[in-house]
Each structure stands twice: as C-alpha cells, then as structure tokens.
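Topology and contacts: notes
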Amino acid sequence: MLFLMGIGPVAAWSQDADKLLQQVKNKLALVKDYVAEGSMKTDIPFVKMADANVVVYFRQPDQFRVQRANGISILPKGGVQGSLHTILSNKSFTPVAAGNTNMDGKYLAVIKLLPVDEKSEIVLITLYVDEKTALVWHTSSTTRNNGTYETKLQYGKYASMGLPDQVQFIFNTTEFKLPKAMSVEYETGKTAKPATAAKDNKGRITISYKRYTVNKGIPNDIFK
Amino acid sequence: MQPVVSLRGLEKSFNGFKAVDGLGFDVYPGDIYGFLGQNGAGKSTTLRILLSLIRPDAGAVSLFGMNLLQHRKECLQKVGAVIEKPDVYTYLSAYDNLAIFARLNGIRPRRQQLMEQLDTVGLADRAASKVKTFSQGMKQRLGIAVALVHNPALVVLDEPTNGLDPQGIADIRNLVLHLCREQGKTVLVSSHLLAEIEQVATRMIIIDKGKMLVEGKVSDLFDPAQSRVLITVSDPVRARQFISHQPWQAYLKTDQPGDNQLLFRMPKEQIPVLNRELVMAGIDVHAIDTTHSLEAYFLSITTGKQHVADFTH
Amino acid sequence: MWPILRIELFKIFSRPRTYISFVAITVIVALIQLALYVDGKNYIQFGMQSLTQGFDIEGNVLNGYLVCFIILQTLLIHVPLLIALVAGDAIAGEANMGTLRILLTRPVGRVELLLAKFAASLVYTLLLLVWMALLALFLSLFIFGKGDLMILKSEEVVVLAQNDVFWRYGWAFLFASLSMVMVAALAFLLSIFADNSIGPIITTMSIVILFTILTTLDIPFFQLLRPWLFTTHMLGWKAFFDDPIPWQAVSQSAAILLLHILFFAILGAWVFKRKDILS
C-alpha cells in the first residue's frame, strides 16, 4: 500500500508529463517551416557587437539557421537553439514531471526530459510549460561536453502557432584569449571591462522576431 | 668710398682651436681681392663667416654697408659664391640646377636667359643632361654659372682652381678678369698659391693661423725694390771690401746666408749693373739667385719656417 | 616660403629613392592581398582558432575592411623606415652633397628653408599614406568586397557593422598620418645634426624599432615605460576600431604626438639657426 502510494502519484505525474509534452509537440507540429525577420542582440562577455537585423530560417525536423545579411555572426558552437523545434523535434525522451514553480510571475509546470538514446549529447532537458496554453517559456539543457544552456522565450501575436516573439539563448563562455604577440594593442589606460561584460561569464544571444512567414517552403540551399 | 666687404675683429674657434684670430680687412668696389694663406690658415672659415654659413664668436661683418647678421637676405642677394667645390644637385640637369638657384634668389629668368648663361660657360648643349654625368671641369663651370645666375655685385670664389688642369686654371683667371673689368663686379678670391693671386689681384691679404700677416695693394707689395738677390762669389771678403766703398752698400744685408754668399735687397733692374761692376773689380760671380721677397716670405710660411724678420719694409 | 617648398618638392620627386617607398608599399600590399586571396581562409581560421573552439563564425569575415586592417597592422610599423629614408636625408643629404652650403649662401632665411624642407617631407609622408590608403583600403574593397569588420584583440572580439567602418578608416588614416609626421619630424631633427644621410636614417629606424620592442614586450618594467614611449601612442589608430571609441585616450595620444612634433620642429629650428655649416 505504501509502495502503491509511493508509485501512484509518480505514475500519474508521468502520465501528465507525457500528455503535456505531447501537447507541446502537437503545437510545434503546426509549423513545418518558417522564415522570420528579427533583430539579434549579441551579448557575450568578450565580444563587442552591435545589434543586427537577421533572417531566421527553420524547417522540420531540426534545420535552423540565423543569417545576418552580408554580415558576420558569432554564435555558440552547434548553432543557437533559438527554436524549441530544434530542441524537441525528432528526438525521443522519457518525460518526468517535476512539479510546478513560479517563474517570472507565471505558474509553470516543470518537466524533465531524459533522452532515450544513451549516447545523446544532451543529458537532461528541463522544460517550464504553461499548462493552459502548452507554451514553453523556459528550457534548460545539460550537455555532456558543452555545459548547460538555457533558453527563455516570450510569446505575443504568434503564440497560437507556438512561435515566440523573443528567444534569449543563454550559454556558458569559456575564457577567450589570443596570444598577446599576435597583435600589439593600443592601451587606453582604462582597466574596467566593457560594460557589456556579464559578471556570470554567460553569453546571451537574444533574437526578437518581428515577422514570421510560416509554412511557405524554404529552398534547400539555405541550409547548405 | 664705401667698402663692399668690411670685416672687423673676426674671431672663431672650433673646440678650442682658434681658426680666425682678430682678422679684419676691407674690399672696395672694383677690386679683385686676393685672399692668400696656406691650407688651414683660416681662409675658408673667414669666407664662410662672410657668407653667414658660420657665426663668428666675435667681430663684425658688413656687406655693402649693411650688417650681415641683421640684413642677411639683402646682403646675400648681391653675393654669388663658389665655396670649396662647386657642388650642385647631381641628380638634376644643368638647366634645372640653374633654374632652382635663380628661384632661390627670387628671380625667374626666362628659358632663353638661362640657356644663354649656360652657353657662356659652354654647357648649353648639355643643358638637359644630369650633372652626375659631368666631368670635374664641367661641374666647375656649372658651379660658376650657378653663382652668377642672379648677376651679383660681389663674387666670392674659394680656391677656384683646385683640381683643375692648366687650361682650367687659365680659364678661371680670364673669368675673374672678365668679371671685374667687363662687368664691373667686385671679386674676392682665395688661394694658397701666390702666383695665382699675383697675376690677377689688385689688392691682397696674406693670413696665417687666423691672423693677418700683410695686406695692401699688390703693386705695392710686389715693389720691385723688394727683390731679394743672393750672389755667390769666389772671394766674399774682397767683395765686401769692394762694395763698402760703393753705393751698393745700402742694399747689402748684414746676414750671411752661406760661406760665399752676399744677400742684397735691391731693385731687379740693377742686378746686371752690380754683376758687371763685381766682375770688373776682379771678383768672380758664380751665381745670382733672385726671388721676390714676398714670394720668399710666403714660401717660408707655407713650408712652415717663420722668417717674419726677413720681410720688413 | 611657397617657392622654396615647390623647389624642395621638385627635388624630392626628382630622385629615384623617393619612389622606392611607393614601390615597396605597392609590393608589400599586393603580396599581402595576394596571399590572403589565395590562402586567406586558412589564415583567418588559424587566427580565429581560439574563438572557433566555442563558436561558429558565419559570414564574409575576410572582406576588404579586414584585409585593410591586416595590412595596416603589418605595415604601419615599417612605414617609419620608409619615411626616414626621405626625411632623414632632407638636411644631411644636402650636407653630404655639399649643396647645403650653396643653398644657405642664397638670400633665404634658414628657418624658412628648414620649414620648407620639413613641409616637403610632410607632403611626401602624406602622399605615401594616401597611396597606402588607396591600395590597402580601396583596392582591398575592390578585390574582397565589403563586409562587417571583425577584429580579434587579446581579450575581446569586436565586430563592427559594415556601414560603421568606413569613417573609422578615415580617422585611422588621419591618426596614422599624425604618427608618421612625428617620425618624419624625428628623422628630420636628426638630419640637422648629421653630414650624411645614413646616420639619421639608421638612428631613426633604431629608435622606432627599440621603442616598438619596448612597447611590445610584456615585461612589467617595460609596461611602466609604455606611456612615455611615442610608439605606444602611434598605435592610436587602432582605437578607432573599438566600440565605443575611447576618444579621451586617443585625443591624449594625438596631443602627445603633436607635442613631439612641435618639440622636434622647434628644437630643429633652434639648432639649425645656430649651426655652423662646415660641410
């Protein structure tokens, strides 16, 4: 009895978690591809970069590309997980419910996803989901080699399609050093680090979407 | 008459070595002024002071009645100089050199005029050639053309015959005479050779160790009465005895240059007369050796021996 | 002074040695451009190694703006040598040829002549930089195209949007001109003391090389010296590729360079006015 009592809620939660994950996936499945215009703000401790207009391409299951017209973009290795699709699509997980939490003024369900594939680079994904709308507001992914990264999403007029208005991708940055001899530098005498340098050694890339064009097809060569 | 050049009490030392020591002289319009001294006597330093290339430690320089330091531009406007070597820009043509130096003097002669000037020094056909292809003599002539391009009233030539062949030396001599006589210029010319100066100069100065030794009109300095006559005879005792009763006694010098020698200072034209009288008196004359006293004197300082006492009027 | 300046310019540009610098710059710039054109991708990848370990870089990194930056970075420390070649010869070369004494027996003020000669050296210096700008910037833009400028510094990466770069090059070349004018002033000053041009040319080169080494060496004692070395301030052109531009530091550097120029020029005039011409 005690055993049952112990296992019962877990099973129930797992079922809830399964259900919720399926809802989330269903919502994502509405979008086969999109082209989105937006602006990208790069906030990496040792990178000074002006905000730039970008075009974001996505195609199921997990093709994703951020393109800066004629410009240079510096993105974390493996690409920005700027879309939930790329995190969730085409992968099998064992969802585990982990209760609810308040985050940024929202009451969200917490689901932990364990990849079925044991060799997966990702070890654990935590989703924070609004149960009513099946929108994911926050994710946290723990990888085998590249530390933990998070995404924060905000929704607006494209919420019905499950597409965010803004995605912030947060990742760890390792200390970046060039050998000094490569360039003689002009020293201004100021010792203070640039204002953009975050204290937590984390990089943030924020894409604010202005307009989505959904399910209109994308030429293959965009993704090379 | 106002002197063209007037130097007073010039002094200049280099690292404690006194190159010019209280020198002063005047050059008057129309003079060909000889500036004589051995190498290192201070000639170049003096001429450089005169052209404002070197600042004197003391003394005054005026050109055309103007103080050089205060009116440098006005003074130099009327001076043309070749100092030491006639250096010009070897990577430019003869014509360009001439044009450049004319411009520096504030004049812009027409091409025709410049070509005429080149023609005067015999370089018209090489006007467009780079100077580095020129011989020493051609450079010398170009250097003179450059010095004269602005028709200066005073021409300063520092050792103009250095390194020239006899023909070149003669050309320079003729040029100096031409500048003075035909063009009415005043010429200041330095040399370490008396013979050169003697042939052209109207006045001259001899300096040594930065000091003036003698200065004056060349005709005075080369007074024929100043010939130094050395007579070698068979019997000097008898000769002296004979002369003591003759007017020749006034010319005889007391010093005894050699065993059989008598030294006179006398007019050159009297030498044959003296010779004849000695022979008629039964005194054999073995040799007569004449030098002009200024020449002997100059020779003595240039060979390093000082016989100042020997040259006294 | 204008006629004398014209004469000086005529003299400078009548000499073959003047064109050595222009040829040298053309050859060096062309070589760098050729090398980057042929094998630039590898070079860039090598340069970005530490960055590409964690990041994907996308876009045309190897564009005309970056090529120009690489050229300036490589070349600007050597240009002083070319400038010394002419500025160091200005007075000493004439003394050696013997033409200095001919010049100075002309009715031309010594300071006037000195200024004209200095101005002529400056014209040469500036023309050299304009030539360099034409080749390094415009030719590179023509060959490699436009793009964002990504600069790797020892502790940060700066990416400047392509429409935000050109005006920075304008300032950078202006500042580089100031630096080179300073070198010209130094060579020119040394030229006054010498009777042949090898001395001032070698001395200028040696001073620039020595100071550059001191600026580059990462030894604490030398770092203390850094603010006092003009070579440190000569790097100020790089400041225009920072975001935001450290205007205070860069104007301070410009002021220091300007003071050097003034000091060298005034000292030069003072010495030259009193100098005995013995050559």
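So, how was this worked out
Residues numbered from 1 in each chain as written. Chains lettered and ligands numbered in written order. Predicted model: local features only at pLDDT ≥ 70, side-chain atom pairs only at ≥ 80, totals over all residues. Heavy atoms only, no water. Helix = DSSP H or I, 4+ residues; strand = E, 2+ residues; numbered from the N terminus. Rg over C-alpha atoms; globule rule 2.2 N^0.38 Å. Buried < 20%, exposed > 50% of the residue type's maximum accessible area, 1.4 Å probe, protein only. Contact = heavy atoms within 4.5 Å. Areas by Shrake-Rupley, 256 points an atom, 1.4 Å probe, with all protein chains shown as cover. Lys, Arg positive; Asp, Glu negative; His and termini not counted. Charge placed at Lys NZ, Arg CZ, Asp CG, Glu CD. Buried area = accessible area lost by both parts, 1.4 Å probe. Salt bridge = Lys/Arg side-chain N within 4 Å of Asp/Glu carboxyl O. Polar contact = N/O pair within 3.5 Å; in protein donor to acceptor, adjacent residues only side chain to side chain. Nonpolar A, V, L, I, M, F, W, Y, C, P; charged D, E, K, R; others polar. Expected span 1.5 Å × (residues − 1). Axes fitted to C-alpha atoms, helices over the stretch in contact; angles between N-to-C directions. Parallel < 35°, antiparallel > 145°, perpendicular 65-115°, else oblique. Left-handed = near helix turned anticlockwise from the far one by under 90°. Pairing = 2+ DSSP bridges. Phe/Tyr/Trp six-rings, centres within 6.5 Å; stacked < 30°, edge-to-face > 60°. Lys NZ or Arg CZ within 6 Å of the ring centre and 35° of its normal.

Here we come to the overall build of chain C. Each helix and strand in chain C was counted, giving 13 helices and three strands. Computed over the C-alpha atoms, the radius of gyration of chain C is 21 Å, within 12% of the 19 Å expected from 2.2 N^0.38 for a compact globule of 279 residues. Dimensions of chain C along its principal axes, counting C-alpha atoms only, are 70 × 40 × 30 Å. Per-residue burial over chain C gives 59% buried out of 279 residues. Counted over contacts in chain C with a minimum sequence separation of 6, partners at least 24 positions apart contribute 79%. For chain C, the exposed surface amounts to about 11300 Å²; the carbon and sulfur share of it is 73%. Averaging the locations of the 17 positively and 16 negatively charged side chains of chain C gives two centres separated by 16 Å.

Another point: the overall build of chain B. Across its full length, chain B holds 11 helices and 13 strands. Principal axes of the C-alpha set define a box for chain B whose edges measure 75 × 45 × 35 Å. Within chain B, buried positions represent 50% of all 313 residues. Long-range contacts, defined here as pairs at least 24 residues apart, represent 67% of the contacts in chain B between residues at least 6 apart. Carbon and sulfur atoms make up 49% of the accessible area of chain B, which totals about 14400 Å². For chain B, the distance from the average site of its 34 positive side-chain charges to the average site of its 32 negative ones is 8 Å.

Further remarks concern the interface of chain B and chain C. Between chain B and chain C, the contact holds 32 residues from the first and 30 residues from the second. Of the roughly 2900 Å² buried between chain B and chain C, counting both surfaces, carbon and sulfur atoms make up 57%. The three residues of chain B that bury the most area against chain C are Leu53, Tyr91 and Leu104 of chain B, which together make up 24% of that side's buried surface. Run the count over chain B and chain C and you get three salt bridges. Its salt-bridge partner being aspartate 87 of chain B, residue arginine 101 of chain C comes within 2.9 Å of it at the nearest N-O pair. Taken together, chain B and chain C are joined by 17 residue pairs in polar contact (both at pLDDT 80 or more). Every element with two or more residues in the side of chain B that touches chain C is listed here: β1 (5–14), α2 (72–77), α3 (94–104) and α5 (136–148) of chain B. Sort the elements by how many residues they give to the side of chain B that touches chain C and α3 of chain B lands first, with five residues.

Each partner contributes residues to the interface: chain C has 43 residues there, and chain A has 35 residues. Summing both partners gives a buried area of about 3500 Å² for chain C against chain A, and 53% of it is carried by carbon and sulfur. Ranking the residues of chain C by area buried against chain A places Phe55, Glu58 and Ser154 of chain C at the top, with a combined share of 20%. Where chain C meets chain A, there are two salt bridges. Between lysine 48 of chain A and aspartate 242 of chain C there is a salt bridge, with its nearest N and O atoms 2.6 Å apart. On inspection of chain C and its partner chain A, the count reaches eight residue pairs in polar contact (both at pLDDT 80 or more). Elements supplying a minimum of two residues to the side of chain C that touches chain A: α3 (49–52), β1 (55–58), β2 (149–152), β3 (157–160), α10 (198–216), α12 (230–234) and α13 (247–274) of chain C. If one sorts the elements of the side of chain C that touches chain A by residue count, β1 of chain C sits on top with four residues. The residue inventory of the side of chain C that touches chain A, partitioned by class, reads 15 nonpolar, 17 polar and 11 charged.

With the rule as written, the count across this model stands at 22 salt bridges over all chains. Here lysine 18 of chain B makes a salt bridge to glutamate 11 of chain B, at a shortest N to O gap of 3.2 Å. Residue lysine 18 of chain B is classed as partly exposed on the basis of its relative accessible area, which comes to 34%. Beyond isolated ion pairs, a larger network of salt bridges with shared partners links Glu8, Lys11, Glu94 and Lys117 of chain C.

The terminal C-alpha atoms of helix α8 (residues 110–144) of chain C lie 49 Å apart, and with 35 residues this matches the ideal 51 Å at 1.5 Å per residue to within 8%. After α8 of chain C finishes, the residue glycine 145 of chain C shows a positive phi value of roughly 80 degrees.

Residues and elements named next belong to chain C. Two numbers describe how helix α4 (residues 64–75) lies on helix α9 (residues 166–193): the axes approach to 12 Å, and their chain directions differ by 15 degrees. When the interaxial angle is binned, α4 and α9 end up roughly parallel. The two elements α4 and α9 cross, and the hand of that crossing is left-handed. Across the interface between the two elements, Tyr65, Cys68, Phe69 and Leu72 from α4 touch Phe166, Tyr169 and Phe173 from α9.

The next point concerns the arrangement of the chains. The chain pair with the greatest number of contacts, out of two pairs of chains in contact, is formed by chains A and C. Spatially, chain A and chain B are disjoint, and the shortest separation between their C-alpha atoms is 41 Å.

Moving on: the side chain of glutamine 33 of chain C. All names here are of chain C. With respect to the helices, strands and loops of the structure, glutamine 33 is situated in helix α2 (residues 16–47). Only 2.8 Å separates the side chain of glutamine 33 from the side chain of serine 140, close enough to count as a polar contact. In this structure, glutamine 33 is in contact with Val67, Ile71, Leu135, Ala136, Leu139, Ser140, Ile143 and Phe144, ignoring residues within four places of it in sequence.

If you trace the three strands from one edge of the open sheet to the other, you get β2(A)-β3(C)-β2(C), paired in mixed fashion. Lying at the two open borders of the sheet, with one neighbouring strand each, are β2 (47–49) of chain A together with β2 of chain C. Averaged over all neighbouring strand pairs, the angle between strand axes comes to 10 degrees, with direction disregarded. Note that β2 of chain C and β3 of chain C share four bridges and pair antiparallel. Looking at the pairing, isoleucine 151 of chain C lines up with valine 158 of chain C of β3 of chain C.

What follows deals with the packing of aromatic side chains. All chains considered together, the criterion is met by 31 aromatic pairs over all chains. When the ring of tyrosine 158 of chain A is compared with that of tyrosine 212 of chain A, the centres are 4.8 Å apart and the planes differ by 70 degrees; the resulting orientation is edge-to-face. One end of the pair, tyrosine 158 of chain A, is in the loop between β10 (148–155) and β11 (164–172); the other, tyrosine 212 of chain A, is in strand β12 (residues 202–214), and 54 residues separate them in sequence. Just as tyrosine 158 of chain A is buried, tyrosine 212 of chain A falls in that class too. With 5.6 Å between their ring centres and 25 degrees between their planes, phenylalanine 169 of chain A and phenylalanine 171 of chain A make a pair best called stacked. Looking at phenylalanine 171 of chain A, the relative accessible area reads 6%, which means it is buried. Aromatic rings pair up to connect Tyr65, Phe69, Tyr169, Phe173, Trp237 and Phe241 of chain C into one cluster. Across the ring face of tryptophan 137 of chain A, the terminal group of lysine 106 of chain A is positioned such that the distance to the ring centre comes to 3.9 Å. In this arrangement the basic side chain of arginine 111 of chain B is found over the ring face of tyrosine 95 of chain B, its NZ or CZ atom lying 4.4 Å from the centre.

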